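Topology and contacts: notes
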Amino acid sequence: MPEQAPQSKQLEFFEIPSPCIGVCESGPRGFCKGCFRSRDERLYWLKVDDATKRQIISACVRRKKRC
């Protein structure tokens, strides 16, 4: 039986969706109150590569935990 790839590897085959939840309002630190992305991260989302999108999502998770 062939070895199965971990789920994280499988995700690389799919487009990384925007973390936007439709709450588009800047908080006091300049990050979106809904997705915790900066203005530039929101503006250039469709232009950055998947590795950068993963870095942005990781940063958003850290920002959300600090709130």
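Residues numbered from 1 in each chain as written. Predicted model: local features only at pLDDT ≥ 70, side-chain atom pairs only at ≥ 80, totals over all residues. Heavy atoms only, no water.

Things to note about the side chain of arginine 63
Along the chain, the position of arginine 63 falls in helix H3 (residues 50–66). For arginine 63, a relative accessible area of 13% corresponds to the buried category. In contact with arginine 63, not counting residues within four places along its chain, are Phe31, Phe36, Arg37, Ser38 and Glu41. (Helix = DSSP H or I, 4+ residues; strand = E, 2+ residues; numbered from the N terminus. Buried < 20%, exposed > 50% of the residue type's maximum accessible area, 1.4 Å probe, protein only. Contact = heavy atoms within 4.5 Å.)

What to know about the pattern of salt bridges
On inspection of all chains with the given rule, the structure shows two salt bridges. Lysine 33 is the partner of glutamate 25 in a salt bridge, and the nearest nitrogen-oxygen pair spans 3.1 Å. Judged by its relative accessible area of 44%, lysine 33 falls in the partly exposed class. Between arginine 63 and glutamate 41 there is a salt bridge, with the nearest N and O atoms lying 2.7 Å from each other. Here the residue arginine 63 occupies a position in helix H3, and glutamate 41 occupies one in helix H2 (residues 39–43), the gap between them amounting to 22 residues. (Salt bridge = Lys/Arg side-chain N within 4 Å of Asp/Glu carboxyl O.)

Thoughts on unusual backbone geometry
With a phi angle near 70 degrees, phenylalanine 36 is a residue other than glycine that sits in the positive phi range. Mapped onto the elements of the fold, phenylalanine 36 is located in the loop between helix H1 (7–10) and H2. Using a relative accessible area of 12% as the deciding quantity, one classes phenylalanine 36 as buried.

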